[in-house]
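Structure at a glance
The lines below spell out each chain.
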Amino acid sequence: MRRGSTFARQVLLVRVGRRDADTHGVTDVAPLSEPRHSDFRRTRRLDHYDRSEIDAVAPVSPALGPSAAVDDEPGMAIPLLPGERTAARRAKFALVNGCTLASIMLGMLAIFLAMQGDVRTAAFCLIACVVFDGLDGALARKFGVASPFGAQMDSLADMCSFGLAAPVVVYASLAGSVPPAAAAVACALVAACAAVRLARFNVSPKDGRFFCGVPTTMAAAVLALAVVIGLPVPGLVQIAGVGLLAFAMVSSFPYAKLARLIKLPPWLWLVPVVGALVDIRLTFGLIVVGYLVSGPLLWLRQRAVA
């Protein structure tokens, strides 16, 4: 212990010697032959220690942290298309992602048309976005080129087309019939709920039978068809419906997927077809209300069974 404390004092003497040498412009310290203190015998003991050993325990400035080695090797690129990378699979992969990009472009076109006042054409662009959104997933599964990249692209396209373009088109359709502030709040709510819905869908376990909340694609389709058909309801009722649809997207109610609806008995499909021929607006409104109500009913049924 005595030797250790003495060694520490000697290191401090060396550091002081270096500091004084730097102050006087001396680049190399030769202090062991010219001690600055009266205790010559103590400083002479430094000859017994190696300079590298002294530097290892010498105090350093806390502002200068240890420098980590920088890895100059470039990171490995992750392939966008997993599996065999043949020309045929690449062409199929490009076709699938082309459908996704088409949905984004149509969503942007819907925004531009809505800004110019052509709301009806913008709503048809949203319907085309819904078609391309279903097409890219179906083609990816059919061609066997589904990938994490495609899933992320699809989510971003949904946010662009259904989370942003759809509220803009609805806002343009409500202009002049409702207070602008109320329309802005309802449409902004649709955008926010769509973002939450898509983010939750990406990290949640998938259920092959039901959606957790109304999917953004279906919500955008309902909004677009409502603009195209032109529902004869007061503006405030339309705003309430837009807000209700936004909250339905982030709800935890189970909603049946389209694949389950297709399996319904054929005679049930005759009812909306005949109703559309009689009064398409009333039929559309009843179908939307029935689908929205089906979620809470299925939720209550599941709770009763459990």
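What you are looking at is a predicted structure, and each value in this text was computed from that prediction instead of being measured.

Calculation criteria
- Residue positions are given per chain, counting from 1 as you read along its sequence in written order.
- Selection of residues for local features in this predicted model requires a pLDDT of at least 70, selection of side-chain atom pairs for listing and counting requires 80 or more, and totals for whole chains, interfaces and linings are taken over all residues.
- Remark: hydrogens and water are excluded; side-chain values derive from all non-hydrogen atoms of the structure.
- Elements are defined by DSSP. Helices are runs of H or I of four residues or more, strands are runs of E of two residues or more, and each kind is numbered from the N terminus.
- Take the number of residues in a helix, subtract one, and multiply by 1.5 Å to get its expected span.
- Working definition: with a 1.4 Å probe on protein chains only, accessible area under 20% of the residue-type maximum means buried, over 50% means exposed, and in between means partly exposed.
- Pairs of residues are marked as contacts when any of their non-hydrogen atoms sit within 4.5 Å.
- Classification of ring pairs uses Phe, Tyr and Trp, with its six-membered ring standing for Trp, and accepts pairs whose centres are within 6.5 Å; under 30 degrees between planes counts as stacked, over 60 as edge-to-face, and the remaining range as tilted.
- Whenever two N or O atoms come within 3.5 Å, that pair is a polar contact, provided that in protein one can donate a hydrogen and the other can accept it, and provided that, for residues adjacent in sequence, both atoms are side-chain atoms.
- Patch rule: a residue counts if its relative accessible area is over 30% and it has no salt bridge; like charges are joined within 9 Å, and nonpolar side chains (Val, Leu, Ile, Met, Phe, Trp, Tyr) within 5 Å.
- Exposure was quantified through the Shrake-Rupley algorithm and a 1.4 Å probe, taking into account, for residues, occlusion by the shown protein chains and nothing else.
- When a carboxyl oxygen of Asp or Glu is within 4 Å of a side-chain nitrogen of Lys or Arg, the pair counts as a salt bridge.
- A residue's pLDDT is the confidence the predictor assigns to it, expressed on a 0 to 100 scale.

End to end, helix α7 (residues 180–203) covers 35 Å across 24 residues, agreeing with the expected 34 Å (1.5 Å per residue, within 8%). Of all the residues in α7, the buried ones are Ala183, Ala186, Cys187, Val190, Ala191, Cys193, Ala194, Arg197 and Leu198. In this structure, the buried side of α7 is in contact with α6 (148–174), β1 (210–212), α8 (216–229) and α9 (235–249).

Inspection of the entire model under this criterion finds 3 aromatic pairs. Residues phenylalanine 253 and tryptophan 299 carry aromatic rings whose centres are separated by 5.7 Å and whose planes lie at 65° to one another, so their mutual orientation is edge-to-face. Taken together, the residues span a long stretch of sequence, with phenylalanine 253 in the loop between α9 and β2 (254–256) and tryptophan 299 in helix α12 (residues 280–305) at a distance of 46 residues. On the accessibility criterion, phenylalanine 253 (25% relative accessible area) is partly exposed. Each ring, one from tyrosine 255 and one from tyrosine 291, has its centre 5.2 Å from the other, and the planes form 35°; the classification is tilted. One end of the pair, tyrosine 255, is in strand β2; the other, tyrosine 291, is in helix α12, and 36 residues separate them in sequence. Residue tyrosine 255 shares its accessibility class with tyrosine 291, and that shared class is buried.

On the secondary structure map, arginine 89 appears in helix α4 (residues 87–115). With 55 residues separating them in the primary sequence, arginine 89 and glycine 144 have C-alpha atoms 8.4 Å apart. A polar contact of 3.0 Å, which involves the side chain of arginine 89, links it to the backbone oxygen of glycine 144.

Before going further, it helps to spend a moment on a nonpolar patch on the surface. Taken together, the side chains of Leu258, Ile262, Leu264, Trp267, Leu268, Trp269, Leu270, Val273, Val274, Leu277 and Val278 present a nonpolar region at the surface, about 1,200 Å² in accessible area. Listing elements by their share of the nonpolar patch, those giving two or more residues are α10 (258–262) and α11 (266–278). For the nonpolar patch, the leading source of residues is α11, giving 8 residues. With respect to the helices, strands and loops of the structure, isoleucine 262 is situated in helix α10. The class for isoleucine 262 is exposed, based on a relative accessible area of 55%.

Moving on to the confidence of the model for the protein. Confidence along the protein averages 79 in pLDDT terms, with 75% of residues attaining 70 or more. For the stretch residues 11–49, pLDDT sits under 50, and the model shows 32 contacts to residues farther than four places along the chain or on other chains. Of the regions scoring below 50 in pLDDT, residues 56–72 engages in 7 contacts with residues more than four places distant in sequence or in other chains.

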